[in-house]
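Breakdown of the fold
The primary structure of each chain is shown beneath.
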Amino acid sequence: MDPDTRFRAVFDLAYGPLCRYARHRGLTGPDAEDLVAQVLEVAWRRIDEVPADDALPWLYAVAHNIWRNQARRDRRRADLLVRFRASFPALAAADSVGSFEPGALRAALGCLSEADQEVLRLVAWDGLTPAQLAPVLGCSPVAARTRLHRARARLARQLGVDQQHRVPAGQKQGERPDHVEVPR
Amino acid sequence: MNQPDALLAALRAARPDPDYQPAPDSPQAMALLARVTAPAHGPERLRPSSRLTRRVILAGIPAVAGAAAIGAAVEVKSGGGPAHLTAPAAASVRAAVLDAFDRSSGDIIQITQTGGPLGLEAAPTAKGSMRAWIYPMLAKPGQEVRSRFVTSVAGRTVRDAEWDYIKARRRGGLIVVNYGDRTWFRGDNGEIVYFPPIGATTASVIRDNIASGLIKVAGEATVRGIRVIKLTFSSGFVSYDEATLYVDARTYLPVEYIASGRGPKGQVNQVRFALQVLPATPVNLARLTTPVPAGFTRTTKPPIILSPWIS
C-alpha cells in the first residue's frame, strides 16, 4: 500500500476517535480541531512509523504528548478543567449507572492526579485496552496495568467505596458521597 | 481487572457527550484533511509534486477539489445576484479558500476594522476605526507572533500598541503609546485588563468559520475594485450571529469580512474588516513596530484597555 493510501486509511480510522479524545479532555471548536490536526500532521509526516496493525495507540500517544505539553506550557489545563467541569454538570439521578452518578464520577475523576485521570480516561472514555495503554504511556504492559489498577483504586477511594463494595456504608444507592464536590 | 469492572463501566457511561460520533467524510473532516495534507505539512518526499499528490489523496472526495477546478465547477452569475451553485462547488470554493489561507499563513495580514465591538461591555466609540497588522497571519501554537494595533477616532490616532507574544500562551511584551495624554508604557500584557482587540483573532476566526463547512457561496461582487466571491455563514459559526466574507476571485485570499451580532444589551452591532495579505518584506515588517514619538513621557502605570475603542 502506498503512503498516501495508507494515510487516508489512518485518517478514516482515527478522525472520529481523535475528535472524541479531544472532547474528552474538554477541548471544543478550534482547540479540538488544532489538536486533531496536529496529531494527523505527525502521522502524515511519519506515516511509515504508524503501526499498520493497530494505529490508534500510536496516535493516542502523539495526542497525549501534544496535549500534555501544551497544557504544561501555558496553564491552559486549569482553564480547561474549569470549562470542562462547567460544561458537564451533574446529571439527574435517573441517568445514573448503578449507584454512581455521572456527575459524581466526573467530579471524583477531576480530584485525582493528572496522571491518574489520563490513565482512566484512556481506558474508560477512549476505549483502550490495558495492552494498548502501554505505548501511549510509554511504559511496559505490566506497568500500564499497574498504573490502571492504582488509578482505579484511587478513584474508588475518592468516591468513598472500596474495591469490593460499590456503595459506602451509611449511604443509600443513588446518593452522592458527601465529600465529593459535584460541579454545578 | 480482567473481569467486567463496574466502576470502569460506570465511568465509561459518564463520559461526556457519549453520542458524539464525528464522521471522517463530513465537511469538517474533509477541510481538516485538506489542512493536514497541505504541501507545507507534507513529507519532504512529496514536496516536488505536492499539488499532484494532494489531488491523488483527495481523489474520490468530490467535495474537496483544488483551486484550479473552481473555474469549471462554480457558476457565478455576472452582474451580481445570487449564484446557482452546486454543493460540491461551494465545497470546492471552501477548499480553495482554506488552501489560500494556508499558503499565506506566514505572510502579514493587514486589517482595517470599523464598526462596534461585539460581546463587550464597553460601548463603542463613535466613528472609531483600527488598523492592525498581524505576523504571521496564522500562527501555530508556540510560534512567535508580532502584532500592532493603531486605534483612531474621528481620523486622529488615539493609541498605537505593539504586542509580541507566543501563540497560545497569550503573554508577551507590549508597548502602548497613548496620544491623548502623550504617555507610553512598556510591560507585559498580563498587567492589562483586556488585550488584544478583536482584530488579533480575525484571520483564525475566519479560517475556523470556513473550515466549519457552513459557508454558502452567494455570488460575486466588486469590493475596492477587486472582483470577489461572496461567501455567507448562516449559522453555527464562531463568534458572530451572521457573517459575510468576500474573497478575491483570482487568489481566494480574503478581501473583506463583515460580521454582526447582538451586544450585551441586545443591540445589533456590525463590524467590518477590510483585509489585505502582505508579503513579509522588510518594508512591510516595519509596519509591525510602534514608534514612540519624541517628547512622550514613559509611564509605569499599566494602561487599562477595555477595548481598542476606549481612549
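All of the points below concern the structure found in this document. (Residues numbered from 1 in each chain as written. Chains lettered and ligands numbered in written order. Predicted model: local features only at pLDDT ≥ 70, side-chain atom pairs only at ≥ 80, totals over all residues. Heavy atoms only, no water.)

The next thing to look at is the overall build of chain B. If you tally the helices and strands in chain B, you get seven helices and twelve strands. Counting only residues that meet the buried cut, chain B has 50% of its 311 residues in that class. Of all intrachain contacts in chain B linking residues separated by at least 6 positions in sequence, the fraction that spans at least 24 positions is 52%. Here chain B displays about 14,200 Å² of accessible surface, and carbon together with sulfur accounts for 53% of that area. (Helix = DSSP H or I, 4+ residues; strand = E, 2+ residues; numbered from the N terminus. Buried < 20%, exposed > 50% of the residue type's maximum accessible area, 1.4 Å probe, protein only. Contact = heavy atoms within 4.5 Å. Areas by Shrake-Rupley, 256 points an atom, 1.4 Å probe, with all protein chains shown as cover.)

What follows is about unusual backbone geometry. Residues and elements named next belong to chain B. In this model, Y135 is joined to P136 through a cis peptide bond whose omega is -5 degrees. Position of P136 among the secondary structure elements: in the loop between strand 2 (128–135) and strand 3 (144–153). The residue R182 is not glycine, and still its phi comes out positive at about 55 degrees. Note on R182: relative accessible area 45%, which makes it partly exposed.

When helix 1 (residues 6–13) of chain B is considered as a whole, its buried residues turn out to be L7, L8, A10 and L11 of chain B. Buried residues in helix 1 of chain B, looked at end-on, bunch into an arc of 160 degrees, giving them a common side. Summarising the contacts, the buried residues of helix 1 of chain B are in contact with helix 5 (102–110), helix 6 (114–125) and helix 8 (141–159) of chain A. (Arc of directions from axis to C-beta.)

This part is about the side chain of E33 of chain A. Among the secondary structure elements, E33 of chain A is positioned in helix 2 (residues 29–45). Of the residues examined, E33 of chain A reaches a relative accessible area of 16% and is grouped as buried. If we ignore the near neighbours within four places in the chain, the residues touching E33 of chain A are L32, R35, R207, D208 and A211 of chain B.

Now for the packing of aromatic side chains. How two aromatic rings sit relative to each other is set out by the distance from centre to centre and by the angle between their planes. Residue and element names in this part refer to chain A. Evaluation of the coordinates by the stated rule reveals six aromatic pairs over all chains. On the basis of an interplanar angle of 55 degrees and a centroid distance of 5.1 Å, the ring pair of F7 and W44 is categorised as tilted. One end of the pair, F7, is in helix 1 (residues 3–24); the other, W44, is in helix 2, with 37 residues separating them in the sequence. Side by side, F7 and W44 carry an identical accessibility label, which is buried. Ring-pair connections join several aromatic residues into one group, and the members of that group are F7, F11, Y15 and W44. (Phe/Tyr/Trp six-rings, centres within 6.5 Å; stacked < 30°, edge-to-face > 60°.)

All names here are of chain B. When strand 3 meets strand 4 (residues 156–166), the two strands line up antiparallel, connected through ten bridges. When the bridges of strand 4 are listed, S152 appears paired with T157. Linking strand 3 back to strand 4 in an antiparallel pair, the connection comprises two residues, with A154 at a positive phi of about 50 degrees. (Pairing = 2+ DSSP bridges.)

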